[in-house]
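Chain by chain, the residues run as shown.
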Amino acid sequence: MRTRQSRRWTSCLLSLALLGAGAGCGTDREAAARPPTGRDAAPVTHSDADEQAAGKAALAAYSGYLDASRAASARSDPGHPALARFVADPLLTRVRLAIREAKEHGAMRTGKLVSDPTVVSVNLDADPPTVELQDCLDATGYRLVYARDRKVVPGSGGSRHLATATATRYPDGRWLVNVGAAHPDQPC
């Protein structure tokens, strides 16, 4: 019989699997953390091309986030350098904590995570500018296993479900994913 602590970390790690090692242990959407901007600009009209470029950059950041999360989870490396290239706080801290917790329990990720993200909205007038993304993640082939023997951690099976994320443009021009949530109750 599993202990309450064991059920909690298994639940957390399952949530981690649901968003490619990035959702953390919560599924509620967080308020986006605002990066410092230091500018008070007048409203600017943005062209469709500007919005398409922002959407493309946000999708690239999201793809990088999933790739970096998979790489870090496969190596049980919460300090993996690629994470900070694509993910910002508060999501970055949640990802690192979830990977660290898996590592402390002798677990790691293996397999394939299939992603099919789309841009839901672009707000270049926000301070800072943001892009909302929606994804249908297929984590059925993405497994949490014990590192010592590669046996699947009980209760860690993945599903095909909705995930949402927010990418934010930081003052240095980079788009980083700073909010992410898995919605395992919403299959896709």
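Above this text is the structure in question.
Residues numbered from 1 in each chain as written. Predicted model: local features only at pLDDT ≥ 70, side-chain atom pairs only at ≥ 80, totals over all residues. Heavy atoms only, no water.

**Q** Break down the overall build of the protein for me, citing the residues and quoting the values.
**A** What the protein contains, in helices and strands, is four helices and six strands. Ordered by position from N to C terminus, the α and β elements of the protein give α-α-α-α-β-β-β-β-β-β. In the protein, which comprises 188 residues, the proportion classed as buried is 44%. Look at the contacts in the protein between residues 6 or more apart in sequence, and 69% of them connect residues 24 or more apart. (Helix = DSSP H or I, 4+ residues; strand = E, 2+ residues; numbered from the N terminus. Buried < 20%, exposed > 50% of the residue type's maximum accessible area, 1.4 Å probe, protein only. Contact = heavy atoms within 4.5 Å.)

**Q** Describe helix α2 (residues 48-74), and please don't skip the residues or the numbers.
**A** With 27 residues, α2 should reach 39 Å at 1.5 Å per residue; the first-to-last C-alpha distance of 39 Å fits that figure. Those residues of α2 not exposed but buried are Ala54, Gly55, Ala58, Ala61, Tyr62, Gly64, Tyr65, Leu66, Ala68, Ser69, Ala72 and Ser73. Positive phi appears at Ser76, one or two residues downstream of α2, with a value of about 50 degrees. (Expected span 1.5 Å × (residues − 1).)

**Q** Would you mind going over the pattern of salt bridges in detail, with residue names and values included?
**A** A full pass over the atoms with the stated rule returns three salt bridges. One salt bridge in this structure joins Asp67 and Arg70, with 2.2 Å as the shortest N-O distance. One end of the pair is Asp67 and the other is Arg70, both in helix α2 and three residues apart, which spans about a single turn. Of the charged contacts, one joins Arg160 and Asp138 as a salt bridge, the two residues approaching to 4.0 Å between their closest N and O atoms. Remark: Asp138 occurs in strand β3 (residues 130-138) and Arg160 occurs in strand β5 (residues 160-169); sequence separation between them is 22 residues. Given a relative accessible area of 43%, Arg160 falls into the partly exposed group. Taking relative accessible area as the criterion, Asp138 reaches 17% and is therefore assigned buried. (Salt bridge = Lys/Arg side-chain N within 4 Å of Asp/Glu carboxyl O.)

**Q** So what's going on with the sheet that holds strand β6 (residues 175-187)? Residues and values would help.
**A** Ordered in space as β2-β3-β5-β6, the four strands form an open sheet in which the pairing is antiparallel. Edge positions in the open sheet fall to β2 (118-123) and β6, since each of these has one partner strand only. Adjacent strand axes in the sheet meet at a mean angle of 20 degrees, parallel and antiparallel pairs treated alike. Pairing between β2 and β3: five bridges, direction antiparallel. Paired with Val122 across the two strands is Val131, which belongs to β3. Here α2 sits on the sheet and contacts β2, β3, β5 and β6; the angle it forms with β3, its principal contact strand, is near 45 degrees. (Pairing = 2+ DSSP bridges. Axes fitted to C-alpha atoms, helices over the stretch in contact; angles between N-to-C directions.)

**Q** Summarise the environment of Arg148; cite the residues concerned and give the values.
**A** Looking at the secondary structure, you find Arg148 in the loop between β4 (142-146) and β5. Separated by 40 residues in the primary sequence, Arg148 and Met108 have C-alpha atoms spaced 9.6 Å apart.

**Q** Before we move on, could you go through the packing of aromatic side chains and cite the residues and values that matter?
**A** Evaluation of the coordinates by the stated rule reveals one aromatic pair. Looking at Arg148, its charged tip hangs above the ring of Tyr146, at a distance of 5.1 Å from the centre. (Phe/Tyr/Trp six-rings, centres within 6.5 Å; stacked < 30°, edge-to-face > 60°. Lys NZ or Arg CZ within 6 Å of the ring centre and 35° of its normal.)

Distances and angles like these do not, on their own, reveal function.
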